[in-house]
Amino acid sequence: KEEMKAEKILLEENMKKEHQTEITILGATIVALQNDHALELTSLKEGFMVEHTQLEEVQQKTIVDNEKTVLRLETSNSLAEEECLKLKEKIAQCEEEKSKSNNKLKEITMLKEEMKTDKILQEENMKKE
């Protein structure tokens, strides 16, 4: 009986040691996994920050490019509007000159008619004499 008790106690002590060794190994494995996980998260965060910074730079460049394009288009539009006003003024001048020419043409036509009438009257007067 005493031997069995001693064997049982020895067996229990061995099992406790093995159990404690397994717990220590599992604890070390958990710590190692946590460290690996932390390193992976840090690496992912750094990658994310680099991509985020690059995206912000691209976004800022796009904003600047778009502002330049808007300014260029506004300037171009303004120049086109000025050119349009100048052309409208030229058209108005041309229409005014056309109107003056038409009036002069009417005057000339009326003078020609008067001259014809005068000539006819003169010829008639000469015939009478």
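Before reading further, recall that the structure is shown in the block above.
Rules of the game
- Residues numbered from 1 in each chain as written.
- Predicted model: local features only at pLDDT ≥ 70, side-chain atom pairs only at ≥ 80, totals over all residues.
- Heavy atoms only, no water.
- Helix = DSSP H or I, 4+ residues; strand = E, 2+ residues; numbered from the N terminus.
- Rg over C-alpha atoms; globule rule 2.2 N^0.38 Å.
- Buried < 20%, exposed > 50% of the residue type's maximum accessible area, 1.4 Å probe, protein only.
- Areas by Shrake-Rupley, 256 points an atom, 1.4 Å probe, with all protein chains shown as cover.
- Salt bridge = Lys/Arg side-chain N within 4 Å of Asp/Glu carboxyl O.
- Disulfide = S-S within 2.5 Å.

Here we come to the overall build of the protein chain. Looking only at helices and strands, the protein chain features 1 helix and 0 strands. A compact globule built from 129 residues should have a C-alpha radius of gyration of about 14 Å, whereas the protein chain, at 54 Å, is more than 25% larger. Along the first, second and third principal axes, the C-alpha atoms of the protein chain reach 185 × 20 × 10 Å. For the protein chain, the residues scored as buried account for 0% of the 129 residues in total. Only carbon and sulfur atoms are counted for the fraction: they give 60% of the accessible area of the protein chain, which is about 12,800 Å².

Another aspect to go through is the pattern of salt bridges. Enumeration over the complete set of coordinates arrives at 2 salt bridges. For K61, the salt bridge identified is with D65, shortest N-O distance 2.8 Å. With a gap of 4 residues between them, K61 and D65 both fall in helix α1 (residues 2-128), about one helical turn apart. For D65, a relative accessible area of 31% translates into the label partly exposed.

Counted by the stated rule, this structure contains 0 disulfides. Free cysteine: C84, not disulfide-bonded; nearest cysteine sulfur from C94 at 15 Å. Judged by relative accessible area, which is 34%, C84 ranks as partly exposed.

Summarising the element assignment, E13 is placed in helix α1. Along the backbone, E13 and Q122 are 109 residues apart, and their C-alpha atoms lie at a distance of 159 Å.

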